[in-house]
Amino acid sequence: MRKPIIAGNWKMNKTRDEALQFIYNINMNLPSNKKVESVICAQAPILRDLVKRQGEELRIGAQTMHESDTGAYTGEISAALLANIGVEYVIIGHSERRAYYNENDAAINQKIHQAFRYDLTPILCVGESLETREANETDVFVKGQVVEDLKGLGSEQVKNLVIAYEPIWAIGTGKTATSEMANETIRNIREVVRDLYDDETADAVRIQYGGSVKPANIEELLSMSDIDGALVGGASLDSESFLALVNAAVK
Ligand code: PGA
């Protein structure tokens, strides 16, 4: 059985004080990590503070990283530094990074390889625009992303990867894909992994849904056969709401 994973993507929100207050609020109330993986992905300058204060059941993630070891990349973040300060997860290829910072599949693929070199767990984001959905091209488009982004990875790596299916039109808009729609695309992603690797890998890789997930809709989403968790923006900013999300994932 795949263990559910709920990851909060705080994006460019929260000061250090706000972040520490949040961690303090949730630390004693999180369900066991044996039942659900609870992850908070925060802005880079406070990651070390969060790692130091994370309770036993919480994991900390970054929101992006660079694909090179070191070098003249002003403003970038290396995998070596993330691993060195105790960060365990990293979101890669979020649609906002793809859209605003021109991250393409080739760079995203290199970032995933780089994350594994430093034992970071990548949360790879894929997902289509409204235009693509309306043109009935979602499956072809998302398949293309998955094939490009996973290039050269071994099956053991893919088993340890998290994929987040996030339709761009559902992010921060209040429009959620219906649970059937989300499940169908996620099942297709799993089939792409099956074709590229094997049954064992396809059945092991965890695939989250993301896009306007809230305490009010998470149960229905998680009740679907192929949805293994959620990547949550807005509804992860409030500690009560985040706790409601992770508790919904405990079966
Ligand atoms: P949202 O963001 O939950 O605010 O829609 C999701 C995401 O971008 O990961």
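The following paragraphs examine the structure supplied in this document. (Residues numbered from 1 in each chain as written. Predicted model: local features only at pLDDT ≥ 70, side-chain atom pairs only at ≥ 80, totals over all residues. Heavy atoms only, no water.)

Quick look at the packing of helix α7 (residues 138–149) against helix α9 (residues 179–196)
Moving on, step 1. Taken N-terminus to C-terminus, the directions of α7 and α9 make an angle of 45°; their axes are 10 Å apart at the nearest point. One way to sum up the angle between α7 and α9 is to call them oblique. Note on packing geometry: the crossing formed by α7 with α9 is right-handed. Taken together, the residues of α9 that come into contact with α7 (itself represented by Thr138, Asp139, Val142, Lys143, Val146 and Val147) are Thr185, Asn188, Ile189, Val192 and Leu196.
Moving on, step 2. Tallied by class, the residues present in the contact of α7 with α9 amount to 6 nonpolar, 3 polar and 2 charged. (Axes fitted to C-alpha atoms, helices over the stretch in contact; angles between N-to-C directions. Helix = DSSP H or I, 4+ residues; strand = E, 2+ residues; numbered from the N terminus. Parallel < 35°, antiparallel > 145°, perpendicular 65-115°, else oblique. Left-handed = near helix turned anticlockwise from the far one by under 90°. Contact = heavy atoms within 4.5 Å. Nonpolar A, V, L, I, M, F, W, Y, C, P; charged D, E, K, R; others polar.)

Quick notes on the environment of Val158
Moving on, step 1. In this structure, Val158 sits in helix α8 (residues 155–159).
Moving on, step 2. As a C-alpha pair, Val158 and Ile77 span 81 residues in sequence and 23 Å in three-dimensional space.
Moving on, step 3. Here Val158 is in contact with Leu150, Leu153, Val193, Tyr197, Thr201 and Val205, once residues within four sequence places are set aside.

A look at α7
Moving on, step 1. Taking 1.5 Å of rise per residue, 12 residues should cover 16 Å, and α7 covers 16 Å from first to last C-alpha, within 8% of that figure.
Moving on, step 2. Those residues of α7 that sit buried are Thr138, Val142, Gln145, Val146 and Asp149. Down the axis of α7, the buried side of the element spans an arc of 95°, and every buried residue falls inside it.
Moving on, step 3. Where the residues of α7 are buried, they touch α4 (95–100), α5 (105–117), β5 (121–126), α6 (130–134), β6 (162–165) and α9. (Expected span 1.5 Å × (residues − 1). Buried < 20%, exposed > 50% of the residue type's maximum accessible area, 1.4 Å probe, protein only. Arc of directions from axis to C-beta.)

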